[in-house]
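These are the residues of each chain, in order.
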Amino acid sequence: MNQDTILQQEASLKEARLKRRQLLRVFDTPDGRDALSFLEARFQTDLPVFQGSPGNYDPLDAMRRDAYREVFLYIRRQLQLALKESTTENKNE
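Residues numbered from 1 in each chain as written. Predicted model: local features only at pLDDT ≥ 70, side-chain atom pairs only at ≥ 80, totals over all residues. Heavy atoms only, no water.

Q: Hey, could you go over helix H2 (residues 30-42) for me, with residue numbers and the actual values?
A: Relative to the 18 Å expected for 13 residues at 1.5 Å per residue, H2 spans 18 Å between its end C-alpha atoms, a close match to the ideal helical length. Count one or two residues on from H2 and you reach Gln44, which has phi positive near 45 degrees. (Helix = DSSP H or I, 4+ residues; strand = E, 2+ residues; numbered from the N terminus. Expected span 1.5 Å × (residues − 1).)

Q: So what's going on with the nonpolar core? Which residues, and what values?
A: Core analysis: the largest hydrophobic core is formed by seven residues, namely Leu24, Phe27, Leu36, Phe72, Ile75, Leu79 and Ala82. Mapped onto this core, the elements with two or more residues apiece are helix H1 (3-27) and helix H3 (59-92). Sort the elements by how many residues they give to this core and H3 lands first, with four residues. Discounting chain neighbours no more than four positions away, the residues touching Leu36 are Phe27, Phe72, Ile75, Arg76 and Leu79. (Core = buried A, V, L, I, M, F, W, Y, C linked by side-chain atoms within 4.5 Å. Buried < 20%, exposed > 50% of the residue type's maximum accessible area, 1.4 Å probe, protein only. Contact = heavy atoms within 4.5 Å.)

Okay, structure coming up:
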C-alpha cells in the first residue's frame, strides 16, 4: 500500500470512531435508551422479516421490515463498539 492509501484508511477509521462516540453521547442517556426502546417496539425489530402464512408474504413489507431492522442493528453495533473503545482507552490511560 502506498502512503496516501494508508493515510486515507487512518482518516476513515478516525472518522468512524468519532461518529460512534457521537452516537454513544446521544443514545447512552436515559432519553436515548428510551428512544431506542421505543424504536425497537415501534418497528418490531425482534420479529422475523417475513410475516404471514407461508407462500403468502408481502415482499414490500418484508423489505421495509428488513430495512428497519438493519438500521436498528447498525445503531446497536456502533454503540457496542463505542463502549468497547472507551473501555480500552480508559485502561490505556
